[in-house]
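Coordinate analysis (summary)
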Amino acid sequence: MDIVLEYIFTVQFFALALIVIILKSSIIFVPQNRAFMIERFGKFKSTREAGLNFIIPFIDRIGADRSLKEQAVDVPSQSAITRDNISLHVDGVLYFRVLDPYKATYGVDDYVFAVTQLAQTTMRSELGKMELDKTFEERDQLNAHIVESINHASSPWGIQVLRYEIKDIVPPNTVMEAMEAQMKAERVKRAQILESEGDRQSAINVAEGHKQSVVLKAQAEKEEQVLQAQGEAAAILAVAQARAQAITEVGAAANTSDGQKAVELDLATQAIEAKANIAKESSVVLLPDSGTDAASMVAQATTIIQSLNSGK
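Now for a description of the structure that goes with this document. (Residues numbered from 1 in each chain as written. Predicted model: local features only at pLDDT ≥ 70, side-chain atom pairs only at ≥ 80, totals over all residues. Heavy atoms only, no water.)

1. Remarks on the sheet that holds strand β3 (residues 43-48)
As a reminder of what qualifies: Strands were regarded as paired on the criterion that DSSP finds at least two bridges between them. Numbering goes from the N terminus for both helices and strands, where a helix is a DSSP run of H or I of at least four residues and a strand is a run of E of at least two. Axes, fitted as lines to C-alpha atoms, cover a helix only where it is in contact. Angles between the N-to-C directions of the axes lie from 0 to 180 degrees.
Overall, antiparallel pairing links the 3 strands, which are arranged β3-β2-β5 in an open sheet. Single-partner strands in this sheet number two, and they are β3 and β5 (60-67). Pairs of neighbouring strands in the sheet enclose a mean axial angle of 30 degrees, with direction left out of account. Pairing analysis gives 7 bridges linking strand β2 (residues 34-40) to β5, with the strands arranged antiparallel. Its bridge partner being in β5, E39 is matched across the sheet by R61.

2. Thoughts on a nonpolar patch on the surface
We count it as follows: Patches were defined on residues exceeding 30% relative accessible area and lacking a salt bridge, with like-charge contacts within 9 Å and nonpolar side-chain contacts (Val, Leu, Ile, Met, Phe, Trp, Tyr) within 5 Å. Only the protein chains shown count as cover for residues, and all accessible areas are computed by the Shrake-Rupley method using a 1.4 Å probe. Think of a salt bridge as a Lys or Arg side-chain nitrogen and an Asp or Glu carboxyl oxygen that are within 4 Å of each other.
Together, L18, I21, I22, F41, I56, F58 and I59 make up a nonpolar patch on the protein surface, roughly 700 Å² of accessible area in all. The residue I22 is located in helix α1 (residues 2-26) in this model.

3. Quick look at the pattern of salt bridges
For clarity, the threshold we go by: Only protein chains enter the accessibility calculation, which uses a 1.4 Å probe; a residue whose area is less than 20% of its type maximum is buried, one above 50% is exposed, and one in between is partly exposed.
On inspection of all chains with the given rule, the structure shows 9 salt bridges. Here R163 makes a salt bridge to E70, at a shortest N to O gap of 3.1 Å. Here R163 is found in strand β8 (residues 159-170), whereas its partner E70 is found in the loop between β5 and β6 (71-81), with 93 residues between them in sequence. By relative accessible area, R163 is classed as partly exposed at 36%.

4. Considering the environment of F96
Stated formally: The criterion used for residue contact is that any of the two residues' heavy atoms lie within 4.5 Å.
Within the secondary structure layout, F96 lies in strand β7 (residues 87-98). It is 5.2 Å that separates the C-alpha atoms of F96 and L162, two residues lying 66 residues apart in sequence. If sequence neighbours within four positions are ignored, F96 has contacts with K69, E70, Q71, V73, Y111, V112, V115, I159, Q160, V161 and L162.

5. Focus on the nonpolar core
How we decide: The definition of a nonpolar core used throughout is a set of buried Ala, Val, Leu, Ile, Met, Phe, Trp, Tyr and Cys residues joined through side-chain atoms within 4.5 Å.
Counting 32 residues, the largest nonpolar core has L94, F96, M123, I159 and Y164 as its most contacted members. The set of elements that each furnish at least two residues to this core consists of β6, β7, α3 (111-127), α5 (139-154), β8 and α6 (173-254). If we skip the residues at most four places from it in the chain, Y164 touches V75, D91, G92, V93, L94, A119, M123, N143, I146 and V147. Formed by 5 residues, the second largest nonpolar core is a distinct cluster that contains I28, V30, I38 and I55.

6. Some points on the packing of α3 against α5
For clarity, the cut-off: Geometric relationships in this document are graded by angle, where less than 35 degrees denotes roughly parallel, more than 145 denotes roughly antiparallel, 65 to 115 denotes roughly perpendicular, and other angles denote oblique. Left-handed describes a crossing whose near helix is turned anticlockwise from the far helix through less than a right angle; right-handed describes the clockwise counterpart. Lys, Arg, Asp and Glu make up the charged group, whereas Ala, Val, Leu, Ile, Met, Phe, Trp, Tyr, Cys and Pro make up the nonpolar group; the residues left over, Gly among them, are polar.
Look at α3 against α5: their axes get within 9 Å of each other, and the N-to-C directions meet at 130 degrees. As the angle between them shows, α3 and α5 are arranged oblique. For α3 against α5, the interelement crossing comes out right-handed. Contacts from L118, A119, T122, M123, E126 and L127 of α3 reach α5 at L142, H145, I146, S149, I150, A153 and S154. Tallied by class, the residues present in the contact of α3 with α5 amount to 8 nonpolar, 4 polar and 1 charged.

7. Concerning the packing of aromatic side chains
This is how it is decided: Only rings of Phe, Tyr and Trp enter the pairing, Trp through its six-membered ring, and a pair is recorded when the two centres are within 6.5 Å. The plane angle decides the type: under 30 degrees is stacked, over 60 is edge-to-face, the rest tilted. For a Lys NZ or an Arg CZ to count as sitting over a ring, it must be within 6 Å of the ring centre and within 35 degrees of the ring normal.
Under the definition given, this model contains 4 aromatic pairs. Ring plane angle 65 degrees and centroid distance 5.6 Å describe the contact between F44 and Y106, whose orientation is recorded as edge-to-face. Residue F44 is located in strand β3, and its partner Y106 is located in helix α2 (residues 101-106); the two are separated by 62 residues in the primary sequence. A residue is classified by how much of its surface remains accessible, and F44, at 28% relative accessible area, is partly exposed. Plain terms: the ring middles of F96 and Y111 are 6.2 Å apart, the flat faces sit at 85 degrees to each other, and that makes the pair edge-to-face. Separated by 15 residues along the polypeptide, F96 in strand β7 and Y111 in helix α3 bring together distant segments of the chain. Since its relative accessible area comes to 0%, F96 is described here as buried. Taken together through their ring pairs, the aromatic side chains of F44, Y102 and Y106 make up a single cluster. Positioned over the ring face of Y95 is R163, at 4.3 Å from the centre of the ring.

Shown next, in the form of structure tokens:
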């Protein structure tokens, strides 16, 4: 009886172990951004993506494990010839990801190697269409053309190339020396152009300053002349007004008796001065008999003054 129980216990143990093994073999956990290719009897059955998945133990198996993440592959350095027959050594980095894990598994043997080789051949082909100077100036355009060409050729493999970056372009030493000489000449040329532009601008500034100085000087002289003329006109007007005022006051005073006497006295004084002046110019002076009369002397003085004024 004990042997039978022991046998039953052993059978149950092995059955339980077999069940555990079967369950463990039938359950698979696919990580995020990965895909498992399930094969049944060596033939593709299905694609299992992230999460909990079940398969038939001992019948189904995982044929391939493909990553759906973006991958970066270093493209080895290689030689290429440009359109102007310059040999270059170029290397780069290729960024791609698997879009269709089925095609990446069964459409090509090694998709990483295939894409890398395709990138190298495409890069040589694109460089052959460009001149040396363009390879440095239009590197972004070159990268875009390489990506477009690779995507067109790698579509049957379920691969999408996201971008391609050229790390370094190394021309021969002779070309490098020639390029350095050219760059040095360009720098000297730019320096000379900048210096000449500076001299030109300096001359323009000096001329503009001289022009402004002349204009300001002319304006100052004009304003000075205007002010001087205005001052002279004001002075003349003031003198004329003063004379008019004096004449007006003299005329008003002459209408009085005292004024008449003052006028006669002034005329007599002027007559005496006039006779003195005549005496200086001539040694003989003839006077009328009534020259001692004050009134006649005033009349004579008036006549002499008028004659002298008319003679002048």
